[in-house]
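Each chain, letter by letter, is given below.
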Amino acid sequence: MFFQHRLLRGAPRFAAQLRSPVIRSVMQRRLASSTPQAGENAFVRERQAVKEHAGATTELWRKISIYAVIPALILAGANAYNLWTEHWEHWSHMPPLEERVEYPYQNIRTRNYQWGDGDKTLFWNDSVNYHNKDKAT
């Protein structure tokens with residue numbers, strides 16, 4: 001019993017001694033390779049080559065992103081803006097919504113919608129869509 005008691009009391013001190021830098025370095029040195037060229041094996045050379053290749057590839061894609069993608073996005077945005085303005089310019093020459101012909105296939109209503117006045121769809125746009133219930137074709 002006395003021996004067990006001393007062993008349990010001494011265990012934390014023994015563990016602290018094992019964690020000391022001197023003991024730790026001795027244990028680590030014992031596990032390390034003792035060959036003088038430990039850092040120059042085939043695995044380390046291959047990993048270094050992979051790291052250099054990854055660096056070069058990263059630099060290539062960074063240049064592509066900056067010098068090719070950003071100008072392409074700017075040109076695509078300018079093109080979209082020009083198409084948008086041409087589209088609304090065309091709409092300004094059309095007759096008012098009330099005067100346009102409503103064909104039988106437009107605005108088919110079999111029953112009312114649950115929202116609003118029951119006549120407008122979920123994606124209704126007053127500046128583009130028009131529906132006159134009383135107007136016949």
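See the structure above.
Quick look at the structure, then. (Residues numbered from 1 in each chain as written. Predicted model: local features only at pLDDT ≥ 70, side-chain atom pairs only at ≥ 80, totals over all residues. Heavy atoms only, no water.)

1. Quick look at the environment of asparagine 129
Turning to step 1, where the next piece is worked out: Note on placement: asparagine 129 falls in the segment after helix H3 (42-92).
Turning to step 2, where the next piece is worked out: Between the alpha carbons of asparagine 129 and leucine 97 there is a distance of 7.6 Å; along the sequence they are 32 residues apart.
Turning to step 3, where the next piece is worked out: Look past the residues within four positions of asparagine 129 in its chain and what remains in contact with it is Leu97, Phe123 and Trp124. (Helix = DSSP H or I, 4+ residues; strand = E, 2+ residues; numbered from the N terminus. Contact = heavy atoms within 4.5 Å.)

2. Topic: the layout of surface pockets
Turning to step 1, where the next piece is worked out: Estimated volume of the largest pocket: approximately 210 Å³.
Turning to step 2, where the next piece is worked out: Residue lining of the largest pocket: Leu97, Arg100, Val101, Glu102, Gln106, Asn107, Thr121, Trp124, Val128, Asn129 and Tyr130, and that is the complete set.
Turning to step 3, where the next piece is worked out: Partitioned by chemical class, the residues of the lining of the largest pocket number five nonpolar, four polar and two charged. (1 Å grid on protein atoms, 1.4 Å probe; cavity = no way out; pocket = protein on both sides within 12 Å on 5 of 7 lines; lining within 4 Å. Points joined across faces, edges and corners; volume = space filled by probe spheres on them. Nonpolar A, V, L, I, M, F, W, Y, C, P; charged D, E, K, R; others polar.)

3. As for the packing of aromatic side chains
Turning to step 1, where the next piece is worked out: In this structure the tally under the stated criterion is three aromatic pairs.
Turning to step 2, where the next piece is worked out: Aromatic pair tyrosine 103 and tyrosine 105: ring centres 5.7 Å apart, planes at 5 degrees, arrangement stacked.
Turning to step 3, where the next piece is worked out: Given a relative accessible area of 43%, tyrosine 103 falls into the partly exposed group.
Turning to step 4, where the next piece is worked out: Taking relative accessible area as the criterion, tyrosine 105 reaches 60% and is therefore assigned exposed.
Turning to step 5, where the next piece is worked out: With a centroid separation of 5.2 Å and 15 degrees between ring planes, the pair formed by tyrosine 113 and tryptophan 115 is classed as stacked.
Turning to step 6, where the next piece is worked out: On the basis of relative accessible area, tyrosine 113 is assigned to the partly exposed category, the value being 28%. (Phe/Tyr/Trp six-rings, centres within 6.5 Å; stacked < 30°, edge-to-face > 60°. Buried < 20%, exposed > 50% of the residue type's maximum accessible area, 1.4 Å probe, protein only.)

4. Quick look at the pattern of salt bridges
Opposite charge on two side chains lets them pair, provided their charged atoms get close.
Turning to step 1, where the next piece is worked out: Tallied over the full model, the rule gives two salt bridges.
Turning to step 2, where the next piece is worked out: With a shortest N-O distance of 2.8 Å, arginine 62 and glutamate 59 are connected by a salt bridge. Here arginine 62 and its partner glutamate 59 are both found in helix H3, three residues apart, which amounts to about one turn of the helix.
Turning to step 3, where the next piece is worked out: Accessibility expressed as a relative area gives 32% for glutamate 59, which makes it partly exposed.
Turning to step 4, where the next piece is worked out: Here aspartate 117 ties to lysine 120 by a salt bridge, and the two come within 3.6 Å at their closest N and O atoms.
Turning to step 5, where the next piece is worked out: We classify lysine 120 as partly exposed; its relative accessible area is 31%. (Salt bridge = Lys/Arg side-chain N within 4 Å of Asp/Glu carboxyl O.)

5. Digging into H3
Turning to step 1, where the next piece is worked out: Helix length check: H3 (51 residues) gives 73 Å between terminal C-alpha atoms against 75 Å at 1.5 Å per residue, within 8%.
Turning to step 2, where the next piece is worked out: The largest bend in H3 is about 30 degrees, located at serine 65. (Expected span 1.5 Å × (residues − 1). Bend = angle between axes of the 7 residues up to and from the residue.)

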